[in-house]
Amino acid sequence: MADDKQGRDKQADDEERRQQEREVEEARTRADEAEPIPNDTVEQLDELDEALETHDYPTTTDDLIEAYGDYEIETQDGWESLEEVLGPTDNQTYVSADDVRSRILGRIRR
């Protein structure tokens, strides 16, 4: 390509197009990522949040209920134990504290 204004303009346009394509690809890739857990969730989960952070993963619903079933969680209907929130669900496997938080939030924000 010639080193003239037209060549430089084409090169700049090509680079801009490639940058837009990279941004679209990154957005597609990040669409599968979990949303960050809002700070107010930590307040809802109170002491349970800290316990979840130090728990060993992977873990199951049954393991969590056995270990933390009495912990209270603030819901739309008041306070409920972890056992009341997760007990009615199938025994799932969780790979991280964020995974558990997401499940709990899904159950209390109906």
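Structure: see above.
Presented here is an overview of the structure given in this document. (Residues numbered from 1 in each chain as written. Predicted model: local features only at pLDDT ≥ 70, side-chain atom pairs only at ≥ 80, totals over all residues. Heavy atoms only, no water.)

## Re the packing of helix α3 (residues 47-54) against helix α6 (residues 97-108)
Packing of α3 against α6 brings their axes to within 8 Å, and their N-to-C directions diverge by 140°. Considered as vectors, α3 and α6 are oriented oblique to each other. Packed against α3, whose contacting residues are L48, D49, L52 and E53, the element α6 presents A97, V100, R101 and I104 at the interface. A breakdown of the residues in the contact of α3 with α6 according to their chemical character gives 5 nonpolar, no polar and 3 charged. (Axes fitted to C-alpha atoms, helices over the stretch in contact; angles between N-to-C directions. Helix = DSSP H or I, 4+ residues; strand = E, 2+ residues; numbered from the N terminus. Parallel < 35°, antiparallel > 145°, perpendicular 65-115°, else oblique. Contact = heavy atoms within 4.5 Å. Nonpolar A, V, L, I, M, F, W, Y, C, P; charged D, E, K, R; others polar.)

## With respect to the pairing of strand β2 (residues 72-75)
Because side chains alternate across β2, one face comprises the buried residues I73 and T75, and the other comprises E72 and E74, none of which is buried. With 4 bridges connecting them, β2 and strand β3 (residues 78-81) associate as antiparallel partners. When the sheet's bridge partners are listed, I73 is paired in β3 with E80. Here β2 folds back onto β3 in antiparallel fashion, the turn holding 2 residues. (Buried < 20%, exposed > 50% of the residue type's maximum accessible area, 1.4 Å probe, protein only. Pairing = 2+ DSSP bridges.)

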